[in-house]
Amino acid sequence: MTESIEGTAPGWITDLMDTLGAPGAGVAIAAENLFPPLPSEVILPLAGFAAARGSMQLTSALVWTTLGSVIGALALYGVGAWLGRERTAAIASKLPLVKVSDIEKTERWFRRHGTKAVFFGRMIPLFRSFISIPAGVERMPIPVFLALTTLGSFIWNAIFVLAGYLLGDNWEEVTGYVDVYSKVVLGATALAVAAFVVVRVSRRGPGARHRE
């Protein structure tokens, strides 16, 4: 690469891009899919910034980051396929307040809406990684899974890579907007979980606990 990438990104990410170029960005995004706490909102605009500086081609940045997303998603799909329905149900049944009927409802929901969930899930923080697991559990046809994951990932990645490319030295501004979006999603998730717990506990009631 012609210049070292500077900024507040974690050192290992900048090292990957400095050493490998666009494939390094792909490796970083594959790792982000497997370990969601890693900052995709930093990796993607940083790759766009690197393309703006001539350190890699913009097209290469888009292709490699999308390939990294697909590889990471396939790995998690494999985890879901290995778990299967029986193991998943056995694990879930041991969780507090979770019933086997909850798993059955989730399976029915995924059969009806799985394609939309995989596609749009690629654009939602946290869920963009985990949505691959139920797809594997339900054995969604791999060609369908690959097509939906590739398209959804490309759209998500392109938004942030292009933002970093256009913002140039100000690429880090993107992270502030994504941080707000992530907090809204996580807040809504926390509220949904809290509502589920409250409803389930209220339905059990003292009488249910006494019978048990």
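Procedures and definitions
- Residues numbered from 1 in each chain as written.
- Predicted model: local features only at pLDDT ≥ 70, side-chain atom pairs only at ≥ 80, totals over all residues.
- Heavy atoms only, no water.
- Helix = DSSP H or I, 4+ residues; strand = E, 2+ residues; numbered from the N terminus.
- Expected span 1.5 Å × (residues − 1).
- Buried < 20%, exposed > 50% of the residue type's maximum accessible area, 1.4 Å probe, protein only.
- Salt bridge = Lys/Arg side-chain N within 4 Å of Asp/Glu carboxyl O.
- Axes fitted to C-alpha atoms, helices over the stretch in contact; angles between N-to-C directions.
- Parallel < 35°, antiparallel > 145°, perpendicular 65-115°, else oblique.
- Left-handed = near helix turned anticlockwise from the far one by under 90°.
- Contact = heavy atoms within 4.5 Å.
- Nonpolar A, V, L, I, M, F, W, Y, C, P; charged D, E, K, R; others polar.
- Lys, Arg positive; Asp, Glu negative; His and termini not counted.
- Polar contact = N/O pair within 3.5 Å; in protein donor to acceptor, adjacent residues only side chain to side chain.
- Phe/Tyr/Trp six-rings, centres within 6.5 Å; stacked < 30°, edge-to-face > 60°.

Draft legend 1. Quick peek at helix 2 (residues 22–34). The end-to-end C-alpha separation of helix 2 is 19 Å, in line with the 18 Å expected for 13 residues at 1.5 Å each. Of all 13 residues in helix 2, 10 are buried, a share of seventy percent or more. Taken together, the buried positions of helix 2 are Ala-22, Gly-24, Ala-25, Gly-26, Ala-28, Ile-29, Ala-30, Ala-31, Glu-32 and Asn-33.

Draft legend 2. A look at the environment of Val-42. In this structure, Val-42 sits in helix 3 (residues 40–52). Looking at Val-42, the relative accessible area reads 14%, which means it is buried. On a C-alpha basis, the gap between Val-42 and Ile-13 in space is 9.2 Å, while along the polypeptide they are 29 residues apart.

Draft legend 3. Quick look at the pattern of salt bridges. Counted by the stated rule, this structure contains 1 salt bridge. Notably, a salt bridge pairs Glu-138 with Arg-111, separated by 3.8 Å at the nearest N-O pair. Of the two residues, Glu-138 is situated in the loop between helix 7 (132–137) and helix 8 (142–167) and Arg-111 in helix 5 (residues 100–121); the sequence distance between them amounts to 27 residues.

Draft legend 4. Representation of the packing of helix 3 against helix 8. At a minimum axis separation of 6 Å, helix 3 and helix 8 run at an interaxial angle of 50°. Classed by the angle they form, the pair helix 3 and helix 8 counts as oblique. You can see that helix 3 and helix 8 cross each other, and the crossing is right-handed. Contact residues: helix 3 offers Ser-40, Leu-44, Pro-45, Gly-48, Phe-49, Ala-51 and Ala-52, while helix 8 offers Trp-156, Asn-157, Phe-160, Val-161, Gly-164 and Tyr-165. Of the residues that constitute the contact of helix 3 with helix 8, the class distribution is 9 nonpolar, 4 polar and no charged.

Draft legend 5. Here's a closer look at the side chain of Arg-122. With respect to the helices, strands and loops of the structure, Arg-122 is situated in the loop between helix 5 and helix 6 (127–130). Of the side chains with opposite charge, Glu-32 lies nearest to the buried Arg-122, which makes no salt bridge, at 6.0 Å. In terms of polar contacts, Arg-122 uses its side chain to reach the side chain of Ser-153, at 3.1 Å.

Draft legend 6. Highlighting the packing of aromatic side chains. Evaluated as defined, the whole model comprises 3 aromatic pairs. Centre to centre, the rings of Phe-119 and Phe-120 are 4.8 Å apart; their planes meet at 75°, and the pair counts as edge-to-face.

Treat this as a map of the structure, not an account of what it does.
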